[in-house]
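Next come the chains, spelled out residue by residue.
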Amino acid sequence: MTWGSSKSYSSKTGAYPKTIVSWIFISVAGLVLLRSLVSWDLELNNTLTSSYSKSTSVPTYSKSTSVPTYSKSTSVPNATRIPSFDSDCDLYNGTWIHDPTIKPAYTEACPFMSSKLKCQANGRPDKEYLNWRWKPSQCDLPPFDGMQFLGLLSEKTIAFIGDSISRNFMESLLCTLQHVEDPVTGSNRRMKIYNFEKSFVKIVRIWSSRLINETHGDFSTDGVSKLHLDVPDQHFIDLIPQFDVIVLSSGPWFEKPAMKLLNNEVVRLNMTQAYGISVETVLTSIVTHPQYKGITILSSYSPKHFAGGDWNEGGTCSGNVMPIGVGELVENKDTNKAMHEAQVMGFNNAVKKKKNKSKLRLMDITQAFEYRRDGHPGCYNNPTKLTQPGPAGKPKPEDCLHWCMPGPIDTWNQFMLQILIDEIEGKQIVADVENFESEGKNS
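Residues numbered from 1 in each chain as written. Predicted model: local features only at pLDDT ≥ 70, side-chain atom pairs only at ≥ 80, totals over all residues. Heavy atoms only, no water.

Caption draft 1: Main features of the overall build of the protein chain. A count of helices and strands for the protein chain gives 8 helices and 13 strands. In the protein chain, once contacts between residues fewer than 6 apart in sequence are set aside, the share between residues at least 24 apart is 82%. Carbon and sulfur atoms make up 53% of the accessible area of the protein chain, which totals about 21,200 Å². (Helix = DSSP H or I, 4+ residues; strand = E, 2+ residues; numbered from the N terminus. Contact = heavy atoms within 4.5 Å. Areas by Shrake-Rupley, 256 points an atom, 1.4 Å probe, with all protein chains shown as cover.)

Next comes the structure, spelled out in structure tokens:
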């Protein structure tokens, strides 16, 4: 696997059997697709069956701690198609292009959005940060299509597991999908649940600050956690067979003081070393789990842009109204670059240990978002911050970690959709060709 590449099934396209039966199947499939697109355009309000077979079994979950079962009383609208792109294209290598015609996918009225991320409502005067789109060097990144996303995940559950960056990502997705369908919100003691009842899709959110097991007490000092770097977080690891797609995010919490342990013994490791081990631990537990066959997407380290100190040292990012220019990027070797390198190393090590039939993908947003110093809330993360000072009369801490909504983070939805298209549609095409040819041989 090539890190940062969006390809997954591109190598298989050249391996399709070049038999007469194959070409007949492809021709028929093309006619069917054309007819479907015309039918969709003429009968927009009619519901069609999902592109995925309804015969696929859906696991039944315990109501006390898990995701409720699906209802199949209504049909799923067929997903509209978005422009295809070269699957060999590296989506994460490119530039930010200013485009004043861009319109946000949603407004700050979205009910799923955290108030601290509503930068305009909190007083941010500029809007230029909304007018940039990511352009990969070798291709174009297709726009996000909510109908297609829900069609791909019909009868599936996608879980966002991780810290507040993970929540930021999920909220962006929910707000973007809202114009397609409003989800029904629920929860249990272990997760928040968003049920898209018409599409048979569930999005769940599970909090895990570091994705590994964390304990307190014994010989740890007050307020300092014990991080068991070789043990995944027990609050979610037993739930993973229930999920079809898992999106993981972690990193910032490793900057907080903590005691590191391996094999229950205290070890001397710096922040980045501990982070790399934690990534390898949680991914290995997923790719070796005998009951998990889904897709795991690791969202790479989200860059922060504090200048003049960290969040609790008067660091700021306010006043940045444009991305960093090409050639002007100064890498923060203590955080963004080092954390990203440790994360990728943990990812690579986990790939080598993979034993089950699941898929593991890296959504490598770090380099692209190093340029987006303009995309954070900064001092506009609280409507009272501009008028009320913080402790001891000092300015309240700025937020140069999370991302304004709407804002640059909405691009993550485009990246994720392309990964899912590769893994789900690519796999389905190969399976359909093989099944068709097998039936032809047996007839």
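So, next bit.
Caption draft 2: Up close: the sheet that holds strand β11 (residues 265-266). Read across the open sheet, the 4 strands follow the order β7-β8-β10-β11; overall the sheet is mixed. In this open sheet, the two edge strands, each paired with only one partner strand, are β7 (212-215) and β11. Lying on the sheet, helix α5 (residues 271-287) is in contact with β7, β8 (225-232) and β10 (258-262); it crosses β8 at an angle near 45 degrees. (Pairing = 2+ DSSP bridges. Axes fitted to C-alpha atoms, helices over the stretch in contact; angles between N-to-C directions.)

Caption draft 3: Structural view of the state of the cysteines. Inspection of every chain in the model, using the stated rule, returns 4 disulfides. Shown here is the disulfide that connects Cys317 with Cys400, its sulfur atoms set 2.2 Å apart. Across the disulfide from Cys317 to Cys400, rotation about the S-S bond amounts to roughly -95 degrees, and the bridge is consequently left-handed. With Cys317 in the loop between β12 (295-299) and α6 (336-352) and Cys400 in the loop between α7 (366-370) and α8 (411-442), this residue pair connects regions lying 83 residues apart in the sequence. (Disulfide = S-S within 2.5 Å.)

Caption draft 4: Spotlight on the sheet that holds strand β6 (residues 201-207). The strand order across the open sheet built from 7 strands is β4-β5-β6-β3-β9-β12-β13, with neighbouring strands paired in mixed fashion. Looking at strand neighbours, the two that pair on one side only are β4 (184-187) and β13 (359-363), the edges of this open sheet. The mean angle between the axes of side-by-side strands here comes to 20 degrees, regardless of whether they run parallel or antiparallel. Note: β4 against strand β5 (residues 192-196), 4 bridges, orientation antiparallel. Among the inter-strand pairings, Ser187 is bridged to a residue of β5, identified as Lys192. The strands that α5 touches are β9 (245-249), β12 and β13; relative to β12, the one it contacts most, it runs at about 170 degrees.

Caption draft 5: Summary view of the packing of aromatic side chains. Tallying each qualifying case throughout the model produces 12 aromatic pairs. Taken together, a centroid distance of 5.3 Å and an interplanar angle of 90 degrees make the contact between Trp96 and Phe369 edge-to-face. Linking Trp96 in strand β1 (residues 94-98) with Phe369 in helix α7, this pair joins segments that are 273 residues apart in sequence. On the numbers, 5.8 Å between centres and 85 degrees between planes, the contact of Phe112 with Tyr194 is edge-to-face. Taken together, the positions of Phe112 in the loop between β1 and β2 (132-136) and Tyr194 in strand β5 put the pair 82 residues apart, joining distant regions of the chain. Across the pair, exposure class does not vary: Phe112 and Tyr194 are buried alike. For Arg210, the ring lying beneath its charged end belongs to Phe254, and the centroid distance is 5.9 Å. (Phe/Tyr/Trp six-rings, centres within 6.5 Å; stacked < 30°, edge-to-face > 60°. Buried < 20%, exposed > 50% of the residue type's maximum accessible area, 1.4 Å probe, protein only. Lys NZ or Arg CZ within 6 Å of the ring centre and 35° of its normal.)

Caption draft 6: Geometry of the pairing of β6. Taken across its 7 residues, β6 has 6 buried, putting it largely inside the fold. Relative to β6, strand β3 (residues 156-162) is paired through 7 bridges, and the arrangement is parallel. If you follow Ile158 over to β6, its bridge partner there is Ile203. As defined by bridge partners, β5 adjoins β6 across 5 bridges and the pair is classed as antiparallel. Bridge pairing in β6 places Phe196 opposite Val201.

Caption draft 7: Broad picture of the nonpolar core. Formed by 53 residues in total, the largest nonpolar core has its most connected members in Phe149, Ile203, Met363, Met416 and Leu420. When residues in this core are grouped by element, the largest group, 8 residues, is from α8. When residues no more than four places from it in sequence are discounted, the contact partners of Ile203 are Ile158, Phe160, Met170, Leu173, Leu174, Leu177, Lys192, Ile193, Tyr194 and Phe196. Listed in part, the 37 residues of the second largest apolar core include Ile206, Val279, Val344 and Leu360. (Core = buried A, V, L, I, M, F, W, Y, C linked by side-chain atoms within 4.5 Å.)

Caption draft 8: Just the environment of Pro408, in detail. Note on placement: Pro408 falls in the loop between α7 and α8. Sequence separation between Pro408 and Trp134 is 274 residues, and the spatial gap between their C-alpha atoms is 8.9 Å. Excluding residues that lie within four positions of it along the chain, Pro408 makes contacts with Tyr129, Phe369, Arg372, Gly375 and Trp403.

Caption draft 9: Highlighting the packing of α5 against α6. Where α5 meets α6, the closest approach of the two axes is 8 Å, and the angle between their N-to-C directions is 30 degrees. Relative to α6, the element α5 is oriented roughly parallel. Considering the relative orientation of α5 and α6, their crossing is right-handed. Where α5 abuts α6, its residues Met271, Thr272, Tyr275, Gly276, Val279, Glu280, Leu283, Thr284 and Val287 lie against Ala338, Met339, Ala342, Gln343, Gly346, Phe347, Asn349 and Ala350. (Parallel < 35°, antiparallel > 145°, perpendicular 65-115°, else oblique. Left-handed = near helix turned anticlockwise from the far one by under 90°.)

Caption draft 10: Region of the structure containing the pattern of salt bridges. Using the criterion set out here, one finds 11 salt bridges in the structure. Two residues, Glu255 and Lys304, come together in a salt bridge whose shortest N-O distance is 2.7 Å. Of the two residues, Glu255 is situated in the loop between β9 and β10 and Lys304 in the loop between β12 and α6; the sequence distance between them amounts to 49 residues. Linked by salt bridges that have partners in common, Glu255, Lys304 and Asp310 make up one network. (Salt bridge = Lys/Arg side-chain N within 4 Å of Asp/Glu carboxyl O.)

Caption draft 11: Representation of unusual backbone geometry in the model. Looking along the chain, the bond that leaves Met405 and enters Pro406 is cis, with omega of -10 degrees. The residue Pro406 is located in the loop between α7 and α8 in this model. You will see that Asn263, though not glycine, has its phi angle at about 55 degrees, which is positive. The residue Asn264 is not glycine, and still its phi comes out positive at about 65 degrees.

Caption draft 12: Representation of the pairing of β2 in the model. Only one face of β2 is covered, namely the one carrying Trp132, Trp134 and Pro136; the face carrying Arg133 and Lys135 has none of its residues buried. In this structure, β1 lies alongside β2, joined through 5 bridges in antiparallel fashion. In the strand pairing of β2, His98 is matched with Trp132.

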